[in-house]
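# Observations on the three-dimensional arrangement
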Amino acid sequence: MTVQQAYRIFDVTSDITKIELKKRYRQLMHMVHPDAALNRDKSDKENVYKYSAYEINEAFTVLSNQTVQESLDSNYRYDYKYSEYNEKYYGTDQENEEYDFTAPENEHAFCQRNVYHYAEDYNGNNIGRFRVARGRYMWTLEEDFKLFLRSIYECSEELLNSIDEGAGKKRDTEHRIRYQAELAYLLAQQFTATSETLESILTSIDDAANVFYIGAMLEMSPESGLIKAGMKLFPAGIKKHRLYLMTRSGKEAGYISFKDDRLYYVLIPILEQKRAMVKIEVSSKQDRHNTMRDKKYKNIDLWVKIGNDATFPENINMRIEDLLNRYRESK
């Protein structure tokens, strides 16, 4: 790609500054993002860009190197470490906050979080991430879920670090991990509209009754005994954010594993808040190899009926504060 072609794709002139170039790149990538395209009104022609993400990435590479007078041939490959690339082409976090990012916010969330997008080279290879915003932004499908979890992990780490620094001591790693896992789970709930999100990632089989079907797996317990196709299973309770099941006779069957990781943070909180009813059966179709190391699995059919209450649990901030106090007082 020539420099002239790159300027045409970006629809800018040769006097564009480095910061302006980065802002323009983020705007264009937002316009061609797959999730943005899915959520866009089909009649909205104004925000449909005529060039692909591949072309935009390649043009950005050409123009970025042009600003530092470096040549680029068709076999060029990046050999920068992520941190070097991120600083060179996307600037500091303060500069990243100039990006015009919009999403619903939970003004009552315990803390702010970073929002990230992936950075790609001109071949479409993932070479890192860059921050596009910081605030109390809710997670939407436009934001990659793994990056969302990373932002939540960072929040939990920041909160625990502030306590450790204030106390002037460093706690045992295993001890800290237990607190951090629970803290991250609570923080994730504050940035996830559970009922609304569930409706976005699953297809309702009965809109009037608000019923969803989920293909899941039963991770069997050693004491589960014979679990066969068509058998009905029942909730036995939720422990450590896992839904445990039992047979009709009350025998422990194991707990549910989801193929979609988002459901651990979307569906499980709904079940914990007792805002849903479930129906569970062992699937008639099972995988030939349903073992992994010493664990055994069964495919199950899960139907979920969601209640109408889609508000945030009011006590989440109190639970976070209580957890932090317990961590502060622990040894």
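Scroll up to find the structure.
Anyway, here's the lowdown on the structure attached to this text. (Residues numbered from 1 in each chain as written. Predicted model: local features only at pLDDT ≥ 70, side-chain atom pairs only at ≥ 80, totals over all residues. Heavy atoms only, no water.)

## Some words on the overall build of the chain
Keep this limit in mind: The helix count covers DSSP runs of H or I at least four residues long, the strand count covers runs of E at least two residues long, and both are numbered beginning at the N terminus. Accessible area is worked out with a 1.4 Å probe on protein chains only. A residue is then buried under 20% of its type maximum, exposed over 50%, and partly exposed in between. Whether two residues are in contact is decided by their heavy atoms, any of which lying within 4.5 Å being enough. Residue exposure ignores everything except the shown protein chains as possible cover, and the areas themselves are Shrake-Rupley values with a 1.4 Å probe.
Within the chain one finds 11 helices and 10 strands. When the 331 residues of the chain are sorted by exposure, 43% land in the buried category. A separation of at least 24 residues holds for 71% of the contacts in the chain among residues at least 6 apart in sequence. Here the chain has roughly 19100 Å² of accessible surface; of this, 47% comes from carbon and sulfur atoms.

## What about helix 8 (residues 173–190)?
Under the convention used in this document: What a helix is expected to span follows from its residue count: subtract one and scale by 1.5 Å.
With 18 residues, helix 8 extends 26 Å between its outermost C-alpha atoms, agreeing within 8% with the 26 Å of an ideal straight helix rising 1.5 Å per residue. For helix 8, the complete set of buried residues consists of His175, Arg176, Tyr179, Gln180, Leu183, Ala184, Tyr185, Leu186, Leu187, Ala188, Gln189 and Gln190. Structurally, helix 8 contributes buried residues whose contacts are with helix 7 (145–167), helix 10 (262–272) and helix 11 (316–329).

## Examining the nonpolar core
Heads up, the rule is: Put simply, a nonpolar core is a bunch of buried Ala, Val, Leu, Ile, Met, Phe, Trp, Tyr and Cys residues held in one set by side-chain atoms that sit within 4.5 Å of each other.
Counting 28 residues, the largest nonpolar core has Leu198, Leu233, Leu245, Ile256, Phe258 and Leu267 as its most contacted members. If you list the elements that add at least two residues to this core, you get helix 9 (194–201), strand 4 (211–220), strand 6 (242–246), strand 7 (252–258), helix 10, strand 8 (276–282) and strand 10 (295–306). Beyond its immediate chain neighbours, meaning those up to four positions away, Leu233 contacts Leu218, Ile227, Leu245, Met246, Thr247, Ala253, Ile280, Val282 and Ile300. Core analysis: the next-biggest nonpolar cluster, separate from the first, contains 22 residues, Trp139, Leu186, Ala188 and Leu323 among them.

## Things to note about a negative patch on the surface
Spelled out, the test is: Candidates for patches are residues over 30% relative accessible area with no salt bridge; among them, like charges are joined within 9 Å and nonpolar side chains (Val, Leu, Ile, Met, Phe, Trp, Tyr) within 5 Å. The term salt bridge refers to a pairing of a side-chain nitrogen on Lys or Arg with a carboxyl oxygen on Asp or Glu at a separation within 4 Å. When charges are counted, neither His nor the chain ends are considered; positive counts come from Lys and Arg and negative counts from Asp and Glu. The location of each charge is read from NZ of Lys, CZ of Arg, CG of Asp or CD of Glu.
Taken together, the side chains of Glu196, Glu199, Asp206 and Asp207 define an acidic patch exposed on the protein surface. Secondary-structure assignment places Glu196 in helix 9. For Glu196, a relative accessible area of 55% puts it in the exposed group.

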